[in-house]
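Below, each chain spelled out in residue letters.
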Amino acid sequence: MKPAVFWLAGTGFFAYQVIVLARLLAERGRSANPAEEQERGVEMVWTLVPAALIAALALMLSGFTDGAWSQSRTGDTPLVGPRAIRIDGP
Amino acid sequence: MKVQRGLAIAGSPARVGEFVELTKPRITFMVMVTAAAGFYLASIGRLDAALFLHTMLGTGLVAAGASCLNQIVERETDARMDRTRARPLPAGRVELLPATVFGTALSLLGTLELLLAVNRTTALIGLATLALYVALYTPLKRLTSLCTVVGAIPGALPPVMGWTGASNALSAEAWVLFAILFLWQMPHFLAIAVAYRDDYARGGHAMLPVVDPGGIRTARQTILYSAALLPVSLLPSILQMSGDAYFWGALVLGAVFVAFGVASARDRSVASARRLLRYSVVYLPLLLALMALDKVTP
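Residues numbered from 1 in each chain as written. Chains lettered and ligands numbered in written order. Predicted model: local features only at pLDDT ≥ 70, side-chain atom pairs only at ≥ 80, totals over all residues.

Can you lay out the overall build of chain B for me, pointing to particular residues and giving the numbers?
Looking only at helices and strands, chain B has 15 helices and zero strands in total. Over its C-alpha trace chain B gives a radius of gyration of 19 Å, about what one expects of a compact globule, namely 19 Å for 298 residues. Along the first, second and third principal axes, the C-alpha atoms of chain B reach 60 × 50 × 30 Å. Per-residue burial over chain B gives 56% buried out of 298 residues. Within chain B, contacts between residues at least 6 apart in sequence are counted, and of these 73% link residues at least 24 apart. (Helix = DSSP H or I, 4+ residues; strand = E, 2+ residues; numbered from the N terminus. Rg over C-alpha atoms; globule rule 2.2 N^0.38 Å. Buried ≥ 20, exposed ≤ 12 C-beta atoms within 10 Å, placed from the backbone. Contact = placed C-beta atoms within 7 Å.)

In structure tokens:
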């Protein structure tokens, strides 16, 4: 039940994001005002940020970054939990 | 000489309040609450009280120092805004030099406290928080509405500091807390900017509601970030940091948040922005309290 609710909430967010992005892309180039066009570009960044954040989280949670981070930073095993990354000592 | 005078002023009981005001005590307190939540959630077994106190003290000092330095950089724009012109610097109740000494000292003391009594990871995150807030977010406020996105990064780092304070590890769970705080701040600060749109415009701040007088972009982004917060706020339970009670509680709290966001977006009035703002202020402590109360101990 919990995973279904989680995925439903996630799908709702992504659906809304796709609608906003499609709207912004459709409106692109329609205005003769360069400032308005620039603001549209800025809003595109606003819109993509949460998806980028969630994608980064998904990569971390999938374990994609664990090996790379651990090896590149310390070559050590995690301190706490399966996804932990040790950086230094106290 | 001026520093001595400043310190003398700071030492006067009648003036202490002015210096406390420079630290934005309510924001600093909220920063410490989120850091405390991160520390508690990362603690395995019995909470290390001494380490907890050091983490809180260091985080609080860094937050207070950042707030003070922010007010120094913004003193001229603060003087143009109704909401901020009564602050100690624009009102002339504290001079620039003592405020600078005070803010720098707090920031240094906080970073040192974290470095010497907690760990290097937390100190580095504290330093990054300070730099992002004072050196990047504050000047960006005059240039682009994306300042809010940038400013949400240091705003979301305190629970990560709490987490690394307890575990000395930057794990995915810490970044889940970061994501919750990051996403929560956007509708929260957009609501503030709608409520004080004219004031921000007077101050020359390029907040989204200022550069978007029609309110359509602000409306879209308010809904978008509220909608993103809902699934991300469920992750602590999915990751077994918290239990089922947290999951269903976060779902209800998040759904109500989305409803307030949609109402504010449809209405686009100051009144509905204030309702969203009030709810956002209630939402975060409730969510963190639920997370802590329903913590799953490994």
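Kindly report on the overall build of chain A, identifying the contributing residues and their values.
When helices and strands are tallied, chain A shows three helices and zero strands. From first element to last, N terminus to C terminus, chain A shows the α and β order α-α-α. Put simply, chain A has 90 residues, and 19% of those count as buried.

Describe in detail the interface of chain A and chain B, supporting the description with residues and values.
Taken together, the contacts link 34 residues of chain A with 36 residues of chain B. Contributing elements (two or more residues each) for the side of chain A that touches chain B: helix 1 (2-27) and helix 2 (34-61) of chain A. Take the side of chain A that touches chain B: its biggest share by element is 13 residues, from helix 2 of chain A. Residues of the side of chain A that touches chain B, tallied by class, amount to 23 nonpolar, five polar and six charged. (Nonpolar A, V, L, I, M, F, W, Y, C, P; charged D, E, K, R; others polar.)

So what's going on with the nonpolar core? Residues and values would help.
Residue and element names in this part refer to chain B. Ranked by size, the top nonpolar core spans 100 residues in total, and within it Phe 178, Ile 180, Leu 183, Ala 193, Ala 228 and Leu 229 carry the most contacts. Sorting elements by how many residues they give to this core places helix 10 (residues 172-195) first, with 20 residues. Split by domain, the residues of this core number at least three in each of domain 1 (1-170) and domain 2 (172-298). What Ala 193 contacts, discounting residues up to four positions off in sequence, is Tyr 200, Met 207, Leu 208, Pro 209 and Val 210. (Core = buried A, V, L, I, M, F, W, Y, C linked by C-beta atoms within 7 Å. Domains from an automatic or database assignment.)

Which residues make up helix 3 (residues 25-42) of chain B, and what values go with them?
Think of an α-helix as 3.6 residues a turn; residues three or four steps apart then line up on the same face. Helix length check: helix 3 of chain B (18 residues) gives 26 Å between terminal C-alpha atoms against 26 Å at 1.5 Å per residue, within 8%. Burial in helix 3 of chain B covers these residues: Thr 28, Val 31, Thr 34, Ala 35, Ala 36, Ala 37, Gly 38, Phe 39, Leu 41 and Ala 42 of chain B. (Expected span 1.5 Å × (residues − 1).)

Describe the domain arrangement of chain B, and please don't skip the residues or the numbers.
Residue and element names in this part refer to chain B. Considered domain by domain, chain B is made up of domain 1 (1-170) and domain 2 (172-298). For domain 1 and domain 2, the distance between their C-alpha centres works out to 22 Å. Listed per partner, the contact involves 29 residues of domain 1 and 26 residues of domain 2. Sorting the residues of the side of domain 1 that touches domain 2 by element identifies helix 3, helix 5 (75-80), helix 8 (147-156) and helix 9 (158-167) as the ones contributing at least two each.

How would you sum up the confidence of the model for chain B? Please name residues and give values.
Looking at chain B as a whole, the pLDDT averages 92, with 95% of positions reaching at least 70. Per the prediction output, this complex has pTM 0.87; the corresponding ipTM is 0.83. (pLDDT = per-residue confidence, 0-100.)

Any details on unusual backbone geometry? Residues and values, ideally.
All names here are of chain B. In this structure, Lys 24 takes a positive phi of about 45 degrees despite not being glycine. Its location among the elements puts Lys 24 in the loop between helix 2 (13-22) and helix 3. Despite not being glycine, Arg 268 has its phi angle at roughly 55 degrees, a positive value. Along the chain, the position of Arg 268 falls in the loop between helix 14 (244-267) and helix 15 (270-293).

Describe the packing of helix 4 (residues 49-73) of chain B against helix 7 (residues 120-140) of chain B, with residues and values.
Residues and elements named next belong to chain B. Packing of helix 4 against helix 7 brings their axes to within 10 Å, and their N-to-C directions diverge by 15 degrees. By the angle between their directions, the pair helix 4 and helix 7 is classed as roughly parallel. The crossing of helix 4 and helix 7 is right-handed. Facing helix 4, whose interface residues are Thr 55, Gly 58, Thr 59, Val 62, Gly 65, Ala 66, Leu 69, Asn 70 and Val 73, helix 7 presents Thr 122, Gly 126, Thr 129, Leu 130, Tyr 133, Val 134 and Thr 138. By residue class, the composition of the contact of helix 4 with helix 7 is seven nonpolar, nine polar and no charged. (Axes fitted to C-alpha atoms, helices over the stretch in contact; angles between N-to-C directions. Parallel < 35°, antiparallel > 145°, perpendicular 65-115°, else oblique. Left-handed = near helix turned anticlockwise from the far one by under 90°.)

I'd like a description of the confidence of the model for chain A, backed by residues and values.
All names here are of chain A. Taken residue by residue, chain A gives an average pLDDT of 77. The fraction at 70 or more is 69%. Confidence scores differ between elements of chain A, with helix 3 (residues 64-73) showing the lowest mean pLDDT of 48 and helix 1 the highest of 93. Note that residues 67-83 has pLDDT below 50 and, in this model, 28 contacts with residues that lie over four places away or in other chains.

Describe the packing of helix 1 of chain A against helix 13 (residues 216-238) of chain B, naming the residues involved and giving the relevant values.
Closest axis-to-axis distance for the helix 1 of chain A/helix 13 of chain B pair is 9 Å, and the angle between their directions is 160 degrees. Of the possible angle classes, the one that applies to helix 1 of chain A and helix 13 of chain B is roughly antiparallel. The two elements helix 1 of chain A and helix 13 of chain B cross, and the hand of that crossing is left-handed. Contacts between helix 1 of chain A and helix 13 of chain B involve Lys 2, Phe 6, Ala 9, Gly 10, Gly 12, Phe 13, Tyr 16, Gln 17 and Val 20 of chain A on the former and, on the latter, Arg 220, Ile 223, Leu 224, Ala 227, Ala 228, Leu 230, Pro 231, Leu 234, Ser 237 and Ile 238 of chain B.

I'd love a proper account of the environment of Thr 111 of chain B, names of residues and values included.
Residues and elements named next belong to chain B. Residue position: Thr 111 is located in helix 6 (residues 96-118). Put simply, Thr 111 and Ala 265 are 154 residues apart on the chain and 40 Å apart in space, counted from C-alpha to C-alpha. For Thr 111, the residues in contact, after removing those within four places along its chain, are Val 62, Ala 123, Gly 126 and Leu 127.

Describe helix 1 of chain A, naming the residues involved and giving the relevant values.
All names here are of chain A. Taking 1.5 Å of rise per residue, 26 residues should cover 38 Å, and helix 1 covers 38 Å from first to last C-alpha, within 8% of that figure. Turning to helix 1, its buried residues number three or more, namely Ala 9, Phe 13, Gln 17 and Val 20. Looking one or two residues past helix 1, Gly 29 carries a phi angle of roughly 80 degrees, positive in sign.

Which residues make up the environment of Leu 224 of chain B, and what values do they have?
Residue and element names in this part refer to chain B. Mapped onto the elements of the fold, Leu 224 is located in helix 13. Accessibility expressed as a C-beta count within 10 Å gives 27 for Leu 224, which makes it buried. Along the primary structure Leu 224 and Met 186 are separated by 38 residues, whereas in three dimensions their C-alpha atoms are 9.5 Å apart.

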